[in-house]
Amino acid sequence: MKEDVLERDLPWPRITVVTPSYNQGQYLESTILSVLDQGYPNLEYIVVDGGSTDDSVEIIRRYERHLTGWISEEDGGQAHAIEKGFAGATGELLNWINSDDLLFPGALRRIARAWMAEPRADLVAGVHASCDAEGRITRISAPPCRAAFSPRCWIFPVGQPSTFFTRRGYLRVGGVRRDLHAIMDRELYYRMMRSGARLVAAKGLVGAFRYHDRGKTACRRDLWRREIPEFMGSNGISSRRHAAARCWMRLVRCIDGSYGRSWAMTRRLRGMMPQAVE
């Protein structure tokens, strides 16, 4: 409460969050609430539904007065929905939170503080969590204290729901690639880093990725098997160089303590719901 009073009049940057959704009514409401319950004073929140046939639209209508905007229509997939959501975005910082993922309480303020301290940075990553289908925390991953890794080797020890980026950086590289369905996030970060973007770490928990049987990670592994080799080949990233960079990053994370922080936080928070973590 004291912190809220002290920070109430800060010039908080506008943050745009887009939630792409398609037939995820089982999880959609908890996702929407995790964004709206942030209480962030300068939020632009847009839900882009791909023409769901479950109860998703009913859920969206329940909260539409709290949304900046929403649409429900057929699209070309997740990346296309994200692209449409960001098309009219006015936020200085952007991210998409998928309709089965979550934000931790206070996440947007953590991202904003980190960026206000380093306004030249174009990527801001916080501590990331993995959850089971019920939303219980299974693992925590803290980003390295500094970006001591090479974008040429496609090494990004960050989680997508926990990684925000500036609108200027997003527009500079032309946005997400609509033809990708599994690696659109890492491919975007890659192009941003290659264009000179800096990454800074935010303190504290930010986003949670939910693993479940209907998720793309679990049921569409064919997408990963196709898109990753194509991407690495087209960008001249050899498997040997990529493996060496992964080893280097592990060493860096051991030295800077991010592995230790991840282990300690996992031990303390395992089994908890993100909404209950302050």
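The structure displayed is predicted, hence computed values, not measured ones.

(A) Spotlight on the pattern of salt bridges. Scanning the entire structure with this criterion turns up twelve salt bridges. Close ionic contact of Glu118 with Arg198 constitutes a salt bridge, the shortest N to O distance being 3.2 Å. Here the residue Glu118 occupies a position in the loop between helix 5 (107–117) and strand 6 (123–131), and Arg198 occupies one in the loop between helix 7 (184–194) and strand 9 (199–210), the gap between them amounting to 80 residues. Arg177 is paired through a salt bridge with Glu187; the nearest N and O atoms lie 3.7 Å apart. Of this pair, Arg177 sits in the loop between helix 6 (167–172) and helix 7 while Glu187 sits in helix 7, and the two are ten residues apart along the sequence. One continuous salt-bridge network, built from bridges that share partners, spans Arg177, Asp179, Glu187 and Arg191.

(B) Structural view of the nonpolar core. With 33 residues, the main nonpolar core has Phe86, Trp96, Leu123, Phe165, Tyr170, Leu188 and Met192 as its most contacted residues. Every element with two or more residues in this core is listed here: strand 2 (43–49), helix 4 (78–87), strand 4 (93–96), strand 6, helix 7 and helix 9 (221–234). Among the elements that take part in this core, helix 7 stands out by supplying six residues, more than any other. If sequence neighbours within four positions are ignored, Leu188 has contacts with Trp96, Phe165, Tyr170, Val173, Gly175 and Val176.

(C) A look at the packing of aromatic side chains. Scanning the entire structure with this criterion turns up seven aromatic pairs. Between Trp96 and Phe165, the ring centres sit 6.2 Å apart and the planes meet at 65 degrees, which makes this aromatic pair edge-to-face. Here Trp96 is found in strand 4, whereas its partner Phe165 is found in strand 8 (residues 163–166), with 69 residues between them in sequence. Accessibility expressed as a relative area gives 1% for Trp96, which makes it buried. Taking relative accessible area as the criterion, Phe165 reaches 0% and is therefore assigned buried. Geometrically, the ring pair formed by Phe165 and Tyr170 is stacked, given 5.7 Å between the ring centres and 20 degrees between the ring planes. Residue class for Tyr170 comes out buried when judged on its relative accessible area of 6%. Cluster of aromatic residues (ring-pair linked, three or more members): Phe86, Trp96, Phe165 and Tyr170. The aromatic ring of Trp12 is capped on one face by Arg109, whose charged end is 5.5 Å from the ring centroid.

(D) Region of interest: the packing of helix 10 (residues 239–256) against helix 11 (residues 258–269). At a minimum axis separation of 5 Å, helix 10 and helix 11 run at an interaxial angle of 70 degrees. The orientation of helix 10 with respect to helix 11, classified from their angle, is roughly perpendicular. Packed against helix 10, whose contacting residues are Arg250, Arg253, Cys254 and Asp256, the element helix 11 presents Ser258, Tyr259, Arg261 and Ser262 at the interface. Of the residues that constitute the contact of helix 10 with helix 11, the class distribution is two nonpolar, two polar and four charged.

The rules behind these values
- Residue numbers restart at each chain and count upward from 1, following the sequence in its written direction.
- In view of the model being predicted, local features appear only for residues whose pLDDT reaches at least 70, and side-chain atom pairs are presented and counted only at 80 or more, with totals across whole chains, interfaces and linings using the full set of residues.
- Remark: hydrogens and water are excluded; side-chain values derive from all non-hydrogen atoms of the structure.
- One speaks of a salt bridge when a side-chain nitrogen belonging to Lys or Arg is within 4 Å of a carboxyl oxygen belonging to Asp or Glu.
- Strands here are runs of E lasting at least two residues and helices are runs of H or I lasting at least four, both read from the DSSP assignment and numbered beginning at the N terminus.
- Definition of nonpolar core: a set of buried residues of the types Ala, Val, Leu, Ile, Met, Phe, Trp, Tyr and Cys, connected through side-chain atoms within 4.5 Å.
- Only protein chains enter the accessibility calculation, which uses a 1.4 Å probe. A residue is then buried if its area is under 20% of the maximum for its type, exposed if over 50%, and partly exposed in between.
- It only takes one pair of heavy atoms within 4.5 Å for two residues to be counted as in contact.
- Any two rings among Phe, Tyr and Trp, with Trp reduced to its six-membered ring, count as a pair given centres within 6.5 Å; such a pair is stacked if its planes are under 30 degrees apart, edge-to-face if over 60, and tilted if neither.
- Look at NZ for Lys and CZ for Arg. If either is within 6 Å of the ring centre and within 35 degrees of the ring normal, a charge sits over the ring.
- Only C-alpha atoms enter the line fits that serve as axes; for helices the fit covers just the stretch in contact. Angles between N-to-C directions range over 0 to 180 degrees.
- Put simply, angles under 35 degrees are roughly parallel, angles over 145 are roughly antiparallel, angles from 65 to 115 are roughly perpendicular, and the rest are oblique.
- Charged residues are taken to be Asp, Glu, Lys and Arg, nonpolar residues to be Ala, Val, Leu, Ile, Met, Phe, Trp, Tyr, Cys and Pro, and polar residues to be all remaining types, Gly included.

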